[in-house]
Amino acid sequence: IDGVDSIDDSILLRLALIEQQTSYEKHWRQAMHKRIQQRTQQHNYAHAAELARFYLEVENCPKDAAYWANINWQHARTFKDKALLELAMASEEMQ
């Protein structure tokens, strides 16, 4: 997808969520996977919350969601971040 590198992580997440609900296509989900690879290689965890939500809400992969939510919690300790971590960990325990 042209210009995907300039799309903010939170917007990319929302596009993947919409795509999941409306289409069998996986363009935005694949773009988000590529973004996750980039973030991991660069050790850039500034958008770890979006990555956790992607694994929780789009990919239904609680283990990866818990991993990213934990990284997010280490860097940003707001009520919202704690709730995300707890949700991811509870989802992981249920599997």
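Residues numbered from 1 in each chain as written. Predicted model: local features only at pLDDT ≥ 70, side-chain atom pairs only at ≥ 80, totals over all residues. Heavy atoms only, no water.

*Asks:* When you look at the pattern of salt bridges in this model, what are you seeing that I'm missing?
*Replies:* Between side chains of opposite charge, a pair can form as their charged atoms come close. Tallying each qualifying case throughout the model produces four salt bridges. The partner of Arg39 in a salt bridge is Asp9, and the shortest N-O contact between them spans 2.9 Å. In this pair, Arg39 is assigned in helix H2 (residues 27–41) and Asp9 in helix H1 (residues 9–22), connecting sequence segments 30 residues apart. You'll find Arg39 and Asp9 in the same group, each marked buried. Here Arg29 makes a salt bridge to Glu19, at a shortest N to O gap of 3.5 Å. Here Arg29 is found in helix H2, whereas its partner Glu19 is found in helix H1, with 10 residues between them in sequence. Glu19 matches Arg29 in its accessibility class, with the two residues each being buried. Bridged by salt links that share partners, the residues Asp9, Arg35 and Arg39 form one connected network. (Salt bridge = Lys/Arg side-chain N within 4 Å of Asp/Glu carboxyl O. Helix = DSSP H or I, 4+ residues; strand = E, 2+ residues; numbered from the N terminus. Buried < 20%, exposed > 50% of the residue type's maximum accessible area, 1.4 Å probe, protein only.)

*Asks:* It is not clear to me how the packing of H1 against H2 should be interpreted in this structure. Could you clarify?
*Replies:* Helix-helix packing is described using two parameters, namely the angle between the two axes and the distance between the axes. One way to put it is that H1 packs onto H2 with a least axis distance of 8 Å and a crossing angle of 145°. Where H1 crosses over H2, the handedness of that crossing is left-handed. When H1 is examined against H2, the residues Asp9, Leu12, Leu13, Leu15, Ala16, Glu19 and Gln20 are found in contact with a partner set consisting of His27, Trp28, Arg29, Ala31, Met32, Arg35 and Arg39. Among the residues forming the contact of H1 with H2, the class breakdown is seven nonpolar, two polar and five charged. (Axes fitted to C-alpha atoms, helices over the stretch in contact; angles between N-to-C directions. Left-handed = near helix turned anticlockwise from the far one by under 90°. Contact = heavy atoms within 4.5 Å. Nonpolar A, V, L, I, M, F, W, Y, C, P; charged D, E, K, R; others polar.)

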